[in-house]
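So the chains spell out like this:
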Number of protein chains: 2
Amino acid sequence: MDHSSPTDKSPHKDKPPRQSSTQQGTPRQNMGISAYAWLKQDIICGVYQPGEKLLMSRLKERYALGISPLREALSQLVSEHLVVAISQRGYRVAPMSIEELADIYDARSQLEAMLVQLAIERGDDTWEAEILAKAHTLAKVAEVHGADEMLDIWDRRHQAFHSALVAGCGSRQLLIARESLFDQAARYRHLWLCQTVFSDRALAAKRQEHADLVDAILARDAKRAGDLTRDHIMTPVPIITDLMHARGLV
Amino acid sequence: MDHSSPTDKSPHKDKPPRQSSTQQGTPRQNMGISAYAWLKQDIICGVYQPGEKLLMSRLKERYALGISPLREALSQLVSEHLVVAISQRGYRVAPMSIEELADIYDARSQLEAMLVQLAIERGDDTWEAEILAKAHTLAKVAEVHGADEMLDIWDRRHQAFHSALVAGCGSRQLLIARESLFDQAARYRHLWLCQTVFSDRALAAKRQEHADLVDAILARDAKRAGDLTRDHIMTPVPIITDLMHARGLV
DNA sequence: CATATTAAAAATATAGATATTTTAATCTTT
DNA sequence: AAAGATTAAAATATCTATATTTTTAATATG
């Protein structure tokens, strides 16, 4: 990935990363929203450790901003549970734990399974077509790319594939809830991604799961699609658990 | 209710309303969080109209605060979709629409049904006992109270009852998602509450639905409990739709 | 030597000031 | 008189400064 290492806390100069679709109708170019995007990205990628104190002086220096837009950004991240605010003691990166990992992934698996089942019930032809399109694109990720690029491309297409599966559910609000859970999972997921994308075995297993899932969905087999979705989403949990122990994140 | 009328924009002097459990581990007494709670309450109760511009000068006066804590509060409300921010044009109350109403209630009904089914699968004896307790308390709301008090008590017990139903689901994250959807529904729900609580017919109908729901749940009939939950949550939608047309909120 | 106490330093929360942008009002020009 | 340009007023976004609170360090006390 193209991000600074944890020790490099020099200020950003590029544009902020594209914000998730959760923050829909807010295409403002102020510093507040940039700070939000930068901070979120940095927290997700582990530039800051879980529980780490977010010193205003440091943030000011790193992002070359005043206190006001930073506090606004942090307030939003508090709402998203990526940051916690303590009375007169400033902000900290939200802690991570095995318990939270299990909770978030359980919630994701249940919600996503429901969305898939709703989509089976409500989805139209365009929805089906998009699934096939994204499945194809994902299957065709060749390993001719560099390491970072490979990870990036696979992840993007993988997300696009899963988004296509649930797109037919017809509920804007449930998709937003899904995004929100995904954002909270991002830090845990980041650990898993690196482990998985470079393992041919793991990648092949995923490929098979995706194929089965597409089968069940196109056959409109709600029961089976739900079960497969839950299993598919829960598979990373033991892997991430091990990684967290190994890296002393718990 | 004990809130100011839409035209009364005098500053608050009391303590801010208790924040929802979504904002769990943040019991700080700063002005930022007070502003958040006050603003949220005022938006939900209709002190500000949907789409209304939130002038900084007005907010400063009304809440007797500086710009900084107000912007922090507004940033959080943007995350919760109760307020929208527009580039260099400040903040507005999020608009309301029939489409959003339908979307939010559909999402709530699906999510809540899933939570009830999960609770049936995972809930223990304490969960069952709490359901009976809250159902009893709700059924015993006597009409000996004043109008506002009656509405307040019934609403509180009604919420407690429904919370008890889903409490057994075992997923902290899904309960948070539920709270979030509930907060978004609050403005619409507020319209419905007044209409319902003072209609004996409506109240009796609700009572029956609740009794059926408890039956199905204690019988661990997941299918039926899910269906009843979806229906129960969707019933206010046509009523609110009519009210919105009547009051020109659309 | 551990535990209070106190003083100094650092950090936060918020108000106030300022530059920039938007909105409105006025004045041209066709 | 309508459309566009110009100017003035208002509002926003952000920085800087300050009061308050917390943290750290140093010193005294049992």
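All values reported here derive from a predicted model rather than from experimental measurement.

S.K.: I tried to follow the confidence of the model for chain A on my own but got confused; where do I start?
M.R.: Detailed conclusions should not be drawn from predicted coordinates in areas where pLDDT is low. Residues and elements named next belong to chain A. When pLDDT is averaged across chain A, the result is 90; 89% of the residues are at 70 or more. Across residues 1-11, where pLDDT falls below 50, the model places 21 contacts with residues more than four positions away in sequence or in other chains. Taken as a whole, residues 21-28 scores under 50 in pLDDT and shows 22 contacts with residues more than four places along the chain or in a different chain.

S.K.: Explanation requested: the protein's contact with DNA strand C in the structure shown.
M.R.: R71(A), S87(A), Q88(A), M31(B) and G66(B) are the nearest of the 19 residues found near DNA strand C. At the protein interface, 92% of the atoms of DNA strand C within 4 Å belong to sugar or phosphate. At 3.5 Å, a backbone N or O of M56(A) approaches a phosphate oxygen of DNA strand C. Within the backbone of S87(A), one N or O atom sits 2.6 Å away from a phosphate oxygen of DNA strand C.

S.K.: Could you clarify how one ought to interpret the protein's contact with DNA strand D in this entry?
M.R.: Taken together, the neighbourhood of DNA strand D is formed by 18 residues, with M31(A), G66(A), R71(B), S87(B) and Q88(B) sitting nearest. Among atoms of DNA strand D positioned within 4 Å of the protein, sugar and phosphate together represent 89%. A distance of 2.6 Å is found between a phosphate oxygen of DNA strand D and a backbone nitrogen or oxygen belonging to G66(A). Within the backbone of M56(B), a nitrogen or oxygen atom sits 3.5 Å from a phosphate oxygen of DNA strand D. Elements that contribute at least two residues to the surface near DNA strand D include exactly α1 (31-44) and α3 (67-79) of chain A. Tallied by class, the residues present in the surface near DNA strand D amount to 6 nonpolar, 8 polar and 4 charged.

S.K.: I keep staring at the sheet that holds strand β3 (residues 91-93) of chain A and nothing clicks. Help me out?
M.R.: Sheet strands pair by backbone hydrogen bonding; their relative direction is either parallel or antiparallel. All names here are of chain A. A sheet is described by the order of its strands in space; here 3 strands give the open sequence β1-β3-β2, paired in antiparallel fashion. Looking at strand neighbours, the two that pair on one side only are β1 (53-54) and β2 (83-85), the edges of this open sheet. As paired strands, β1 and β3 are joined by 2 bridges and run antiparallel to one another. Across the sheet, L54 pairs through a bridge with Y91, a residue of β3.

S.K.: In this structure, what is going on with the nonpolar core? I would like to understand it.
M.R.: In globular proteins that are soluble, nonpolar side chains generally tend to be buried together. In terms of nonpolar packing, the biggest core is built from 92 residues, with L111(A), I217(A), L111(B), L174(B) and I217(B) touching the most fellow members. Excluding residues within four positions of it along the chain, I217(A) makes contact with V116(A), I120(A), W127(A), I131(A), L165(A) and A225(A).

Analysis parameters
The numbering scheme is per chain: residues are counted from 1 as the chain's sequence reads. Each chain gets a letter, beginning with A, and each ligand a number, beginning with 1, in the order they are written. Where totals are concerned, whole chains, interfaces and linings use all residues; where local detail is concerned, this predicted model gives features only for residues with pLDDT of at least 70, and gives and counts side-chain atom pairs only at 80 or more. Side-chain measures were taken over the full set of non-hydrogen atoms in the model, leaving aside hydrogen atoms and water. Values of pLDDT, which run from 0 to 100, indicate the predictor's confidence residue by residue. Only heavy atoms enter the contact rule, under which two residues are in contact if any of them lie within 4.5 Å. When we say a residue is near a molecule or strand, we mean one of its heavy atoms is within 4 Å of it. Side-chain atoms alone can form a polar contact between residues adjacent in sequence; in general such a contact is a pair of N or O atoms within 3.5 Å, and within protein one must be able to donate a hydrogen while the other accepts it. For helices the rule is a DSSP run of H or I covering at least 4 residues; for strands it is a run of E covering at least 2, with both sets numbered from the N terminus onward. Here the nonpolar group is Ala, Val, Leu, Ile, Met, Phe, Trp, Tyr, Cys and Pro; Asp, Glu, Lys and Arg are the charged ones; every other residue, Gly included, is treated as polar. For two strands to count as paired, DSSP must find a minimum of two bridges between them. Side-chain atoms within 4.5 Å link the members of a nonpolar core, which is a set of buried Ala, Val, Leu, Ile, Met, Phe, Trp, Tyr and Cys residues. For every residue, the accessible area obtained with a 1.4 Å probe (protein chains only) is divided by the maximum for its type, and the residue is called buried under 20%, exposed over 50%, and partly exposed between those limits.

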